[in-house]
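# Examination of the molecular architecture
Here are the chains, one letter per residue:
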Amino acid sequence: GKGSEVGGHASCRSLGLKASRMGEAWMTARCASEFLGTFVLVATVCANGLAEQSVWSGVSIGCSLAVMIYALGKVSGAHFNPAVSVALGLAGKCPPKDVFFYIVSQLAGGILGALVS
């Protein structure tokens, strides 16, 4: 039920987390999710730019984004973009504290994704 959920995501109780650490553990998982999703998206976009193959660029970017959304969407909401996080924060759908940590994670993932590609 809703009492066992944190932030509308999967039950912490099912993961065996203690009540005092649930919020912290979920914030870490959500930030890691935003980092990884943004990393993969930016690395894919940059790699396509470097490859200079415009024929399949849109498909590969779209596929990598779809995979990240399906894999990580239930953890963090799959924002993968600071503008999305800010918009959801302004709309009241994401707490300001979460928006801040999401943006830090997204910027770190984006920078690393660009450097790796």
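Residues numbered from 1 in each chain as written. Predicted model: local features only at pLDDT ≥ 70, side-chain atom pairs only at ≥ 80, totals over all residues. Heavy atoms only, no water.

## Structural notes on the confidence of the model for the protein
Taken over all residues, the pLDDT of the protein has a mean of 85, while the share at 70 or more is 81%. In this model residues 1–17 is a low-confidence stretch, pLDDT under 50, and it forms 22 contacts with partners more than four residues away in sequence or in other chains. (pLDDT = per-residue confidence, 0-100. Contact = heavy atoms within 4.5 Å.)

## Observations regarding unusual backbone geometry
Positive phi outside glycine occurs at Ala 78, with the angle close to 55°. On the secondary structure map, Ala 78 appears in the loop between helix H2 (54–76) and helix H3 (82–90). Since its relative accessible area comes to 15%, Ala 78 is described here as buried. Although it is not a glycine, Phe 80 adopts a positive phi angle of roughly 55°. Structurally, Phe 80 is set in the loop between H2 and H3. Residue classification places Phe 80 among the buried residues on the basis of a relative accessible area of 3%. (Helix = DSSP H or I, 4+ residues; strand = E, 2+ residues; numbered from the N terminus. Buried < 20%, exposed > 50% of the residue type's maximum accessible area, 1.4 Å probe, protein only.)

## Observations concerning the pattern of salt bridges
A complete count under the given rule lists one salt bridge for this structure. Note that Asp 98 is salt-bridged to Arg 30, the shortest N-O span being 3.4 Å. On the criterion of sequence distance, the pair formed by Asp 98 in helix H4 (residues 96–116) and Arg 30 in helix H1 (residues 22–51) is long-range, its members being 68 residues apart. Across the pair, exposure class does not vary: Asp 98 and Arg 30 are buried alike. (Salt bridge = Lys/Arg side-chain N within 4 Å of Asp/Glu carboxyl O.)

## A look at the packing of aromatic side chains
Each aromatic ring pair is described using two quantities: the centre-to-centre distance and the angle formed by the ring planes. Scanning all chains against the criterion turns up two aromatic pairs. Consider the rings of Phe 35 and Phe 39, whose centres lie 6.4 Å apart with planes at 10°: the pair is stacked. Of the two residues, Phe 35 and Phe 39 both sit in helix H1, four residues apart, roughly one turn of that helix. A relative accessible area of 27% means that Phe 35 is categorised as partly exposed. Ring geometry for Phe 100 against Phe 101: centres 5.3 Å apart, planes inclined by 70°, an arrangement best described as edge-to-face. When its relative accessible area of 34% is taken as the criterion, Phe 101 is described as partly exposed. (Phe/Tyr/Trp six-rings, centres within 6.5 Å; stacked < 30°, edge-to-face > 60°.)

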